[in-house]
Amino acid sequence: MEFPLSRDAGARFEYLAEAGSTNDVLVAHATGADAAAWPDLSVVVTDNQTRGRGRLGRTWLAPTGKSLAISVLLRPVHAGTPLPVDHFGWFPLLAGTAMTRAVREVVDASLAGPAPEPEEGHPVHEVTLKWPNDVLIDGYKVSGILSELLPDARGLVIGAGLNVSLDEHDLPTLTSTSLMLVIGSAPDPDAVLARYLTELRGLTGAFLAAGGDPVRSGLLAAVREVCGTLGATVRVQLPGGDDLVGVAIDLDRDGRLIIEDQANGELQAVAAGDVTHLRY
């Protein structure tokens, strides 16, 4: 498999015919006896993941050969010093933004030439990030991100699952879709992969060059640009089990979602939670 980042001296790329979980494989390498052989931006990919995981303990299921499971190792350093772990909360949003951009490029490329007129000024297909890390096409999930901190807290593994060529019978939920269903043909998985990792590398490089500052690096603006949750009425199931319903109005400098509580009009900052976009 050709892959642009594999030519970089600082990166390692491995394609596996099968893996239980690419995150598990990469975490094991990054923390094992051969850890030195797995530098920053190392990548493990398979199109046959048998025990994939999603957020909140969910299972990520996909038929063999119809999706990509992609895990990237980040050992973030700024000016020769490991980036403090309190900046790591931005990486899931960063990865989600990279995947949103990559999927947009694939969808836009499929519309080269005459395309149907968008309705009411909206794009033919809307590709957005649902905070914090699901990528949606027209409101249907095509990709999810799962990040895992390394035991020494000096790095993390970012896992992404992408539905590439699933048909209607393969979809894991009624709210899922695939690139093939949207664009009408199976895209080149190598090209999609390269686009995602190129975006991921660019956003990560800018973030680290700015010392993990989301404003100076442009990351906060980039996330706001793709985040379809902003402006939506949402229900957030909080880690303690409570529900918060309101309008998502912004992201703060820590990447938290700012919700205007429907019950009392107060602003609440949400660092973690399961978000549902409400359609009333």
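Here is what the cut-offs are and how they apply
Residue positions are given per chain, counted from 1 along the sequence in the order it is written. In keeping with the model being predicted, local features are shown solely for residues with a pLDDT of at least 70 and side-chain atom pairs are shown and tallied solely at 80 or more, while totals for entire chains, interfaces and linings include all residues. Values reported for side chains reflect all heavy atoms of the structure, with hydrogen atoms and water molecules removed beforehand. Per the convention used, a helix needs a DSSP run of H or I reaching at least four residues, while a strand needs a run of E reaching at least two, with both numbered from the N terminus. Here the term buried applies to any residue with accessible area under 20% of the maximum for its type, exposed to any over 50%, and partly exposed to those in between, with areas from a 1.4 Å probe on protein chains only. Here, two residues are considered to be in contact whenever any of their heavy atoms come within 4.5 Å of each other. Using a 1.4 Å probe, accessible areas were evaluated by the Shrake-Rupley method; residue-level cover was limited to the displayed protein chains. Here, axes are lines fitted to C-alpha atoms. For helices the fit covers the stretch in contact, and angles between N-to-C directions go from 0 to 180 degrees. Angles are sorted into four bins: roughly parallel if under 35 degrees, roughly antiparallel if over 145, roughly perpendicular if 65 to 115, and oblique for all others. Left-handed is the label given to a crossing in which the near helix is rotated counterclockwise from the far helix by less than a right angle, and right-handed is the label when the rotation is clockwise. Two strands pair if DSSP finds at least two bridges between them. Take the buried Ala, Val, Leu, Ile, Met, Phe, Trp, Tyr and Cys residues and link them wherever side-chain atoms come within 4.5 Å; each set so joined is a nonpolar core. Salt bridge, as used here, is a side-chain nitrogen of Lys or Arg placed within 4 Å of a carboxyl oxygen of Asp or Glu.

J.: Can you walk me through the overall build of the protein chain in this structure?
T.: Per the secondary structure count, the protein chain includes five helices and 16 strands. The burial tally for the protein chain puts 46% of its 280 residues in the buried class. Expressed as a percentage of contacts within the protein chain between residues at least 6 apart in sequence, the contacts between residues at least 24 apart total 63%. Total accessible area on the protein chain is roughly 13,000 Å²; 51% of this is exposed by carbon and sulfur atoms.

J.: What should I look at first to understand the packing of helix α2 (residues 90–110) against helix α5 (residues 219–226) in this one?
T.: The geometry of a pair of packed helices is captured by two quantities: the angle between their axes and the separation between those axes. In the contact formed by α2 and α5, the axes pass within 10 Å of each other and the chain directions differ by 55°. Taken together, the axis directions place α2 and α5 in an arrangement best described as oblique. The interaxial crossing formed by α2 with α5 has left-handed handedness. Together, Trp90, Leu93, Leu94, Thr97, Thr100, Arg101 and Arg104 of α2 and Leu219, Leu220, Ala222, Val223, Glu225 and Val226 of α5 make up the contact between the two elements.

J.: It is not clear to me how the sheet that holds strand β11 (residues 156–163) should be interpreted in this structure. Could you clarify?
T.: Backbone hydrogen bonds hold the strands of a sheet together, and the pairing may be parallel or antiparallel. With mixed pairing, seven strands are arranged side by side in an open sheet as β1-β2-β5-β11-β10-β9-β8. The open sheet has two edge strands with one neighbour each: β1 (13–16) and β8 (127–130). Across this sheet, the average inter-strand angle for adjacent strands is 15°, counted without regard to direction. Sheet topology places strand β5 (residues 67–74) next to β11; eight bridges connect them, and they run antiparallel. Its bridge partner being in β11, isoleucine 70 is matched across the sheet by alanine 160.

J.: What exactly am I supposed to notice about the nonpolar core here?
T.: Looking at soluble globular proteins, one finds that nonpolar side chains tend to be buried together. One finds Ile70, Phe91, Val103 and Tyr196 to be the most contacted residues of the largest nonpolar core, which totals 60 residues. When residues in this core are grouped by element, the largest group, 11 residues, is from α2. Beyond its immediate chain neighbours, meaning those up to four positions away, tyrosine 196 contacts Ile70, Ala95, Ala98, Met99, Ala102, Ile145, Ile158 and Ala160. In terms of nonpolar packing, the next biggest core, distinct from the first, is built from eight residues, Leu26, Ala30, Val44 and Leu73 among them.

J.: What is the right way to read the pattern of salt bridges from this model?
T.: Pairing between side chains of opposite charge can happen when their charged atoms approach one another. For the structure on display, the rule yields 13 salt bridges. With its nearest N and O atoms 2.8 Å apart, the salt bridge here joins lysine 66 to aspartate 170. With lysine 66 in the loop between β4 (59–60) and β5 and aspartate 170 in the loop between β11 and α3 (179–183), the pair connects residues that are 104 residues apart, well separated along the chain. Arginine 216 is the salt-bridge partner of aspartate 213, the closest N and O atoms lying 3.5 Å from each other. Taking the relative accessible area as the measure of exposure, arginine 216 reaches 62% and is therefore exposed. Through salt bridges with shared partners, one network takes in Lys66, Asp167 and Asp170.

J.: Help me understand unusual backbone geometry in this model?
T.: A negative phi angle characterises most non-glycine residues, just as the trans form characterises most peptide bonds. The omega torsion across tryptophan 131 and proline 132 is 0°, close enough to zero to call that bond cis. Counting through the fold element by element, proline 132 comes out in the loop between β8 and β9 (134–137). The backbone phi angle of alanine 153 is positive, close to 60°, even though this residue is not glycine. Along the chain, the position of alanine 153 falls in the loop between β10 (140–149) and β11. Classification of alanine 153 by relative accessible area gives partly exposed; the value is 28%.

J.: Honestly, the pairing of β10 in this entry has me stumped. Any pointers?
T.: One face of the sheet, then the other: side chains in a regular strand alternate in exactly this way. Direction of pairing for β9 relative to β10: antiparallel, over a ladder of four bridges. Across the sheet, the residue bridging to leucine 136 is lysine 141, located in β10. Hairpin connection, β10 to β11: the antiparallel pair is bridged by six residues, and alanine 153 has positive phi, about 60°.

No statement about biological role is implied by the geometric values presented.
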